[in-house]
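# Overview (structure and organization)
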Amino acid sequence: MFHPMRRKRQELTKEMTEEILHRNTAGVLALAGDEEFPYAVPISYVYDGTHIYFHTAVTGHKVDALQQNPNVSFAVIDRDEIIPEKYTTAYRSVVVFGRIRIVEDDVEKRATARKLALKYAPHNTAYARNRRRMETIPHARNDHRPYHGQTGQGARWKRIADQSKPPGELVI
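Since this is a predicted model, take the numbers as computed values, not measurements. (Residues numbered from 1 in each chain as written. Predicted model: local features only at pLDDT ≥ 70, side-chain atom pairs only at ≥ 80, totals over all residues. Heavy atoms only, no water.)

### A look at a nonpolar patch on the surface
Quick note on the threshold: Here a patch means residues that are over 30% exposed by relative accessible area and free of salt bridges, tied together within 9 Å if like-charged and within 5 Å if nonpolar (Val, Leu, Ile, Met, Phe, Trp, Tyr). Only the protein chains shown count as cover for residues, with accessible areas throughout obtained via the Shrake-Rupley method and a probe of 1.4 Å. By convention in these notes, a salt bridge is any Lys or Arg side-chain nitrogen within 4 Å of a carboxyl oxygen on Asp or Glu. Secondary structure elements follow DSSP: runs of H or I of four or more residues count as helices, runs of E of two or more count as strands, with numbering from the N terminus.
A contiguous nonpolar patch, built from F2, V95 and F97 and spanning about 260 Å² of accessible area, is present on the exposed surface. In this fold, F97 is placed in strand 6 (residues 88–99).

### Observations regarding the environment of L21
To keep it simple, the criterion reads: Think of it in three bands: residues with accessible area under 20% of the maximum for their type are buried, residues over 50% are exposed, and the middle band is partly exposed, with areas taken using a 1.4 Å probe on protein chains only. Only heavy atoms matter for contacts: two residues are in contact if any of them lie within 4.5 Å across the pair.
Within the secondary structure, L21 is located in helix 1 (residues 14–23). Look at L21 and you get buried, because its relative accessible area is 2%. Residues L21 and G49, 28 residues apart in the sequence, show an inter-C-alpha distance of 8.7 Å. Residue contacts for L21: discarding those within four places in its chain leaves Y45, Y47, I52, V76, V94, V96 and K119.

### Overview of helix 3 (residues 106–120)
In plain terms, the rule: By this rule, a helix spans an expected 1.5 Å times one less than how many residues it contains. When we speak of the arc, we mean the arc of directions from the helix axis to the C-beta atoms. Definition of a polar contact: a pair of N or O atoms within 3.5 Å, with one able to donate and the other able to accept a hydrogen when the atoms are protein atoms, and with sequence-neighbouring residues admitted only if both atoms are side-chain atoms.
For helix 3, spanning 15 residues, the distance from its first C-alpha to its last is 21 Å, which sits close to the expected 21 Å at 1.5 Å a residue. By the burial criterion, the buried members of helix 3 are E108, K109, T112, A113 and L116. One side of helix 3 carries all its buried residues, which in axial view fall inside an arc of 140°. The backbone nitrogen of V107 lies 3.3 Å from a side-chain oxygen of the residue at the head of helix 3, namely D105.

### Here's the deal with helix 2 (residues 61–68)
Listing the buried residues of helix 2 in full gives K62, V63, A65 and L66. Taken around the axis of helix 2, the buried residues stretch over an arc of 165°, which confines them to a single face.

### As for the side chain of S73
Position of S73 among the secondary structure elements: in strand 5 (residues 71–83). Those residues in contact with S73 that sit more than four places away from it in its chain are V28, L29, A30, V95, V96 and F97.

### A look at a negative patch on the surface
We count it as follows: In this tally, Asp and Glu contribute negative charge and Lys and Arg positive charge; neither His nor the terminal groups of the chain are included. Note on charges: their place is set at NZ of Lys, CZ of Arg, CG of Asp or CD of Glu.
On the surface, D34, E35, E36 and D64 cluster together into a negatively charged patch. For E36, the location among the structural elements is in the loop between strand 1 (26–32) and strand 2 (38–44).

### Focus: the confidence of the model for the protein
Stated precisely, the cut-off is as follows: A score from 0 to 100, pLDDT tells how confident the predictor is in each residue.
Counting all residues, the mean pLDDT for the protein is 76, and 72% of those residues have values of 70 or more. No element of the protein has a lower mean pLDDT than strand 8 (residues 156–160), at 40, and none a higher one than strand 1, at 95.

### Points about the pattern of salt bridges
Enumeration over the complete set of coordinates arrives at eight salt bridges. A salt bridge links K8 to E11; the shortest N-O distance between them is 3.9 Å. Residue class for E11 comes out partly exposed when judged on its relative accessible area of 43%. Residue E108 pairs with R101 through a salt bridge whose shortest N-O separation is 3.3 Å. Taking relative accessible area as the criterion, E108 reaches 16% and is therefore assigned buried. Here the residues in one salt-bridge network are E19, R23, D78 and R92, joined through shared partners.

### With respect to unusual backbone geometry
Phi at E35 is positive, roughly 50°, even though this residue is not glycine. The residue E35 is located in the loop between strand 1 and strand 2 in this model. Positive phi is not limited to glycine here, since E36 has a value of about 65°. The exposed category is assigned to E36, whose relative accessible area is 78%.

This is the structure we're talking about:
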């Protein structure tokens, strides 16, 4: 189905690939756009070890494109170092192929919002704020549960993962 890597010695292990997906914060999502033109857009993401999640508006070019064709690729550049004296570059990247879908389930949306919050603002989550607040109040007790990340009104989540298996529900 997919072309094998031509330069096998440059192929990353699954562990290295997952480390790159966990470590980085942005990539380029490529979809089939209008009039069969490719549509590639830089986007933030979170990888939870099984799926890659994105946050997007309810409407727009990305949503229209994925509703027309759910087959996508997602590229993350981990290293891009120019070596002028050798007329080359040192690079490391990951390209993931898969099918994308809009997450409709509220429980999954909340879980994804929590994952994104922990990745992009780990010290600014409700849990972290409550914990810092409690550390400054001697002999205080907080009996309520901390708040968790929320989605905005009408926000939708999308999910993609590695296409190491034939198309279907994606898992790494």
